[in-house]
Amino acid sequence: MSSTTKDTPPPLPEPLRVPVADSHTHLDMQAGSVQDALAKAASVGVTTVVQVGCDVNGSRWAAETAAAYEAVHATVALHPNEAPRIVLGDPEGWSRQGARAPGGDAALDAALAEIDALAALPHVRGVGETGLDHFRTGPDGMAAQQYSFRAHIEIAKRHGKALVIHDREAHDDVLRILREEGAPDTVVFHCYSGDAEMAKICAQAGYFMSFAGNVTFKNARSLRDALAVAPPELVLVETDAPFLTPAPYRGRPNAPYLIPVTLRAMAEVTGMTEDALATAVAANTARAFGH
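Residues numbered from 1 in each chain as written. Predicted model: local features only at pLDDT ≥ 70, side-chain atom pairs only at ≥ 80, totals over all residues. Heavy atoms only, no water.

Draft legend 1. How the structure looks around the overall build of the chain. What the chain contains, in helices and strands, is 10 helices and eight strands. The C-alpha atoms of the chain give 18 Å as radius of gyration, which agrees with the globular expectation for 291 residues (19 Å, within 12%). If you line up the chain on its principal axes, its C-alpha atoms span 50 × 45 × 35 Å. Sorting the 291 residues of the chain into buried and exposed places 54% on the buried side. (Helix = DSSP H or I, 4+ residues; strand = E, 2+ residues; numbered from the N terminus. Rg over C-alpha atoms; globule rule 2.2 N^0.38 Å. Buried < 20%, exposed > 50% of the residue type's maximum accessible area, 1.4 Å probe, protein only.)

Next comes the structure, spelled out in structure tokens:
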């Protein structure tokens, strides 16, 4: 029998009794077909997935996939790290598009216009992932990133769609810009990464907090503390697949069918039963990404 390698998909977990949604996934970055991913997820009680766009091409793909599959909702956006690449170029070719020449502010505005047009589609339920990333973007890219974030907030408000936020080591600036611009009715902090204090601020503002597989990591005590104080009516669950695979499968490919692993870990932290948390999460996701 061959030993498990980091490329071996984790086994199917015990199915959930109450169906839930994966509130944030990247099917276009996962191995296998969309149909297989959805069937596998549905077999363990994950009946809806939110496919998230990170650039113009990925956002188009998300919209097309949501139009083709009942179980898929789309969000569209330029990822916070995509905005500076459009403006300043990407000589290293770090993103999926490979190396790019600088396009300047005009190229960013053209890309934002594409996102705006996609955001108008009925099966596009959110604008994101947008926000700020101080981890990967240096000072030279901050202006483009903040300009893009503000533009996405405006797009979300105009179309009445949820705003899905990527916040990496940028908590104060993200909260400040939301205050300055005036937040849309629905805000989702994807892969919530703040502490318990920030969770209280988000709760007061009525922002959803979506927890990913990293809430199961040994060193993620502050995330579990945040989850413990987050109101159950504002909590979502996500994979961010193929990234952030929950323990004990960390380092192996993540996929929507692994949501039950994270949800069970979250139930322990919150002191809720699995069914009660699943019921809350399902209702919350429907509220966040509903029509």
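We are not done yet, so read on.
Draft legend 2. Looking closely at unusual backbone geometry. Of note, the bond from G128 into E129 is cis; its omega dihedral lies within 30 degrees of zero at 15°. Examined against the element boundaries, E129 turns out to sit in strand β4 (residues 124-133). Residues other than glycine seldom take positive phi values, yet D240 does so here, at roughly 55°. Structurally, D240 is set in the loop between β8 (235-237) and α9 (259-270). For D240, a relative accessible area of 10% corresponds to the buried category.

Draft legend 3. Region of interest: the sheet that holds β8. Pairing is parallel across the open sheet formed by eight strands, whose spatial order is β1-β2-β3-β4-β5-β6-β7-β8. With partners counted over all chains shown, the strands left at the sheet margins are β1 (20-25) and β8, one partner each. Averaged over all adjacent pairs, the angle separating strand axes in this sheet is 30°, with direction ignored. In this sheet, strand β2 (residues 46-52) lies alongside β1 in parallel orientation, the contact comprising four bridges. Bridging from a neighbouring strand, A21 pairs with T48 of β2. Where helix α6 (residues 171-181) meets the sheet, it contacts β4, β5 (162-168) and β6 (187-189), and its direction lies at approximately 150° from that of β5. (Pairing = 2+ DSSP bridges. Axes fitted to C-alpha atoms, helices over the stretch in contact; angles between N-to-C directions. Contact = heavy atoms within 4.5 Å.)

Draft legend 4. Up close: the pairing of β4. Across the 10 residues that make up β4, a large majority, 10, are buried. As judged from the three bridges shared by strand β3 (residues 72-76) and β4, these two strands associate in the parallel manner. Within β4, the position partnered with T75 by the bridge is G126. Bridge count for β4 against β5 is six bridges, and the pairing is parallel. Within the sheet, the bridge partner assigned to G131 lies in β5 and is H166. On the question of chirality, the crossover connecting β4 to the parallel β5 by way of helix α5 (residues 142-159) is right-handed. (Right-handed = clockwise from strand over helix to strand, strands pointing away.)

Draft legend 5. Structural detail: the pairing of strand β7 (residues 208-211). A two-sided burial pattern is seen for β7, the buried positions comprising F208 and S210 on one face and M209 and F211 on the other. Handedness of the β-α-β unit built from β6, helix α7 (residues 196-205) and β7 comes out right-handed. Of the strand pairs in this sheet, β7 and β8 are connected by three bridges, and their pairing is parallel. Bridging across to β8, M209 finds its partner in V235.

Draft legend 6. The arrangement of the pattern of salt bridges in detail. Taken as a whole and assessed by the stated rule, the structure comprises 17 salt bridges. A salt bridge links E180 to R150; the nearest nitrogen and oxygen atoms lie 2.8 Å apart. Placement of E180 in helix α6 and of R150 in helix α5 is noted, with a sequence separation of 30 residues between them. Residue E180 is classed as partly exposed on the basis of its relative accessible area of 46%. Using a relative accessible area of 24% as the deciding quantity, one classes R150 as partly exposed. Note that R176 and D173 form a salt bridge whose closest N and O atoms lie 3.4 Å from each other. On the criterion of helical spacing, the pair formed by R176 and D173 is a turn pair, its members being three residues apart in helix α6. Overall, R176 belongs to the partly exposed group, its relative accessible area being 26%. Several salt bridges converge on common partners, so that one network encompasses R150, D173, R176, E180 and E181. (Salt bridge = Lys/Arg side-chain N within 4 Å of Asp/Glu carboxyl O.)

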